[in-house]
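Structure assessment
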Amino acid sequence: MRAREQALWTRARLGRCGPPLDLLTARFDRHVYAPHAHDEFTIGVCVGGSEIIDYRGGRIHTGPGSIVVLAPGEMHTGGPAASDGYAYRALYAEPALLTEGTLGGLPHFREPLLDDPELAAALRTAHTELSVCPDPLEAESRLPWLLTALACRHSTARPACDTVSGAAHIAHAVRDRLADELQTPPSLASLATDLGLSRYQLLRAFRTTMGIPPYAWLAQYRVTRARGLLESGLRPAEVASLVGFADQAHLTRWFRRVLGVTPAAYRNSVQDT
């Protein structure tokens, strides 16, 4: 049987003009990494098979659903634990991303192999969806939030106070800015600076008030705007760019999530009535 050696890198940006964050989707039958280190935290979720990682003088054996956290600057290797290989998704996060909602300085993970099914599933889903469409606002809404949860649950860091005074006012101010600039929304970091908050505080205030993160609210608002344009006779490909979606596939994905039908089907149905 032919060996499957696949690796796909995707670069997401945390907000428009924001810093990059790299995502790796990999599937290897035979590949063994040479000893190396990264400047960032390496956070991986095993999605198939098993990998052996040499790290801190010991060996890590991953399995499906496990999370691995490797610290910046620490040497490690990686290779298949069995003949059926291994598959994983990894992201490479600057250390500052794990300190936004925490206290105590740079987090230290005493155990590099973590058993947290809920967080593993959330990381895998975010990684999968951002690898397909690395929308800057979505990346900035999802990844810092998940990385803060990772640090708070499993590292030496302590959670910062997440109570934000005037949360509703903050959320409505952010909502209005996103609605006004739906084609090129501002970054959450810049909005937070304007409001005198950290990005994590802004995310907490928005999620507490609106029940969903900023990118999801904006996507639903874009769908609402798209409906009106489709009803006027515009084609889905035209509508996607007018309301700020990356392309027609991005519009279709969210249109189906919100309304249960494709934009084309919706356009046809309202024109026939």
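An unreviewed UniProt entry lists the protein chain under the name AraC family transcriptional regulator, with Streptomyces sp. R35 as the source organism.

Turning next to the overall build of the protein chain. Helix and strand content of the protein chain: nine helices and 12 strands. Taking 2.2 N^0.38 as the reference for a compact globule, 273 residues should give roughly 19 Å; the C-alpha atoms of the protein chain span a radius of gyration of 21 Å, in line with that estimate. When its C-alpha atoms are laid out on the principal axes, the protein chain stretches across 65 × 55 × 30 Å. Per-residue burial over the protein chain gives 46% buried out of 273 residues.

Attention now goes to the pairing of strand 7 (residues 67-70). Burial along strand 7 is two-sided: the residues Ile67 and Val69 and Val68 and Leu70 are all buried. Bridge count between strand 4 (residues 41-49) and strand 7: four bridges; the pairing is antiparallel. In the sheet register, Thr42 faces strand 7, and the bridge partner there is Leu70. Across two bridges, strand 7 lies against strand 11 (residues 113-114) in antiparallel orientation. Pairing of Ile67 across the sheet is with Leu114, part of strand 11.

Time to look at the pattern of salt bridges. Inspection of the entire model under this criterion finds 16 salt bridges. Note that Arg4 is salt-bridged to Asp29, the shortest N-O span being 3.6 Å. You can see Arg4 sitting in the segment before strand 1 (5-13) and its partner Asp29 sitting in the loop between strand 2 (20-28) and strand 3 (33-36), a full 25 residues away along the chain. On the accessibility criterion, Arg4 (38% relative accessible area) is partly exposed. With a closest N to O distance of 2.7 Å, Asp54 and Arg59 form a salt bridge. With a relative accessible area of 29%, Asp54 lands in the partly exposed category. Here the residues in one salt-bridge network are Glu129, Glu138, Arg142 and Arg257, joined through shared partners.

Our next topic: the sheet that holds strand 9 (residues 86-93). One open sheet holds the six strands; their spatial order is 1-2-9-4-7-11, and the pairing between them is antiparallel. Lying at the two open borders of the sheet, with one neighbouring strand each, are strand 1 and strand 11.

Before going further, it helps to examine the sheet that holds strand 3. Spatial ordering of the open sheet is given by 3-8-5-6, a layout of four strands whose pairing is antiparallel. Sheet topology places strand 3 and strand 6 (58-61) at the edges, where each strand pairs with a single neighbour. Neighbour-to-neighbour, the strand axes of the sheet open up by a mean angle of 20°, direction not taken into account.

Put simply, the largest pocket is a space of about 260 Å³. Those elements giving two or more residues to the lining of the largest pocket turn out to be strand 3, strand 4, strand 5 (51-55), strand 7, strand 8 (76-80) and strand 9. For the lining of the largest pocket, the class distribution of residues is 14 nonpolar, eight polar and one charged.

With a probe scaled to a water molecule rolled over the atoms, the places where space remains empty come into view. For the structure on display, the rule yields three cavities of 30 Å³ or more. If you add up the space inside the largest cavity, you get close to 70 Å³. As for the largest cavity, its lining consists of Asp135, Leu137, Glu138, Tyr215, Leu218, Ala219, Arg222, Phe245, His250 and Trp254. Those elements that place two or more of their residues in the lining of the largest cavity are helix 2 (136-154), helix 6 (214-231) and helix 8 (248-259). Tallying contributions element by element places helix 6 first for the lining of the largest cavity, with four residues.

Another aspect to go through is the packing of helix 2 against helix 5 (residues 199-210). What describes two packed helices is the angle between their axes and the distance between those same axes. Across the interface, helix 2 lies against helix 5 with an axial gap of 10 Å and an inter-helix angle of 105°. Comparing the axis directions of helix 2 and helix 5 gives the class roughly perpendicular. From helix 2, Glu140, Ser141, Pro144, Trp145 and Thr148 reach across to helix 5, where they touch Arg199, Tyr200, Leu203, Arg204 and Arg207. Of the residues belonging to the contact of helix 2 with helix 5, the class tally is four nonpolar, two polar and four charged.

Helix 6 packs onto helix 2 with a crossing angle of 145° between their chain directions and a minimal axis gap of 8 Å. Touching Leu137, Glu138, Ser141 and Arg142 of helix 2 are Pro214, Tyr215 and Leu218, all from helix 6. Tallied by class, residues from the contact of helix 2 with helix 6 come to four nonpolar, one polar and two charged.

How each quantity is defined
- Residues numbered from 1 in each chain as written.
- Predicted model: local features only at pLDDT ≥ 70, side-chain atom pairs only at ≥ 80, totals over all residues.
- Heavy atoms only, no water.
- Helix = DSSP H or I, 4+ residues; strand = E, 2+ residues; numbered from the N terminus.
- Rg over C-alpha atoms; globule rule 2.2 N^0.38 Å.
- Buried < 20%, exposed > 50% of the residue type's maximum accessible area, 1.4 Å probe, protein only.
- Pairing = 2+ DSSP bridges.
- Salt bridge = Lys/Arg side-chain N within 4 Å of Asp/Glu carboxyl O.
- Axes fitted to C-alpha atoms, helices over the stretch in contact; angles between N-to-C directions.
- 1 Å grid on protein atoms, 1.4 Å probe; cavity = no way out; pocket = protein on both sides within 12 Å on 5 of 7 lines; lining within 4 Å.
- Points joined across faces, edges and corners; volume = space filled by probe spheres on them.
- Nonpolar A, V, L, I, M, F, W, Y, C, P; charged D, E, K, R; others polar.
- Parallel < 35°, antiparallel > 145°, perpendicular 65-115°, else oblique.
- Contact = heavy atoms within 4.5 Å.

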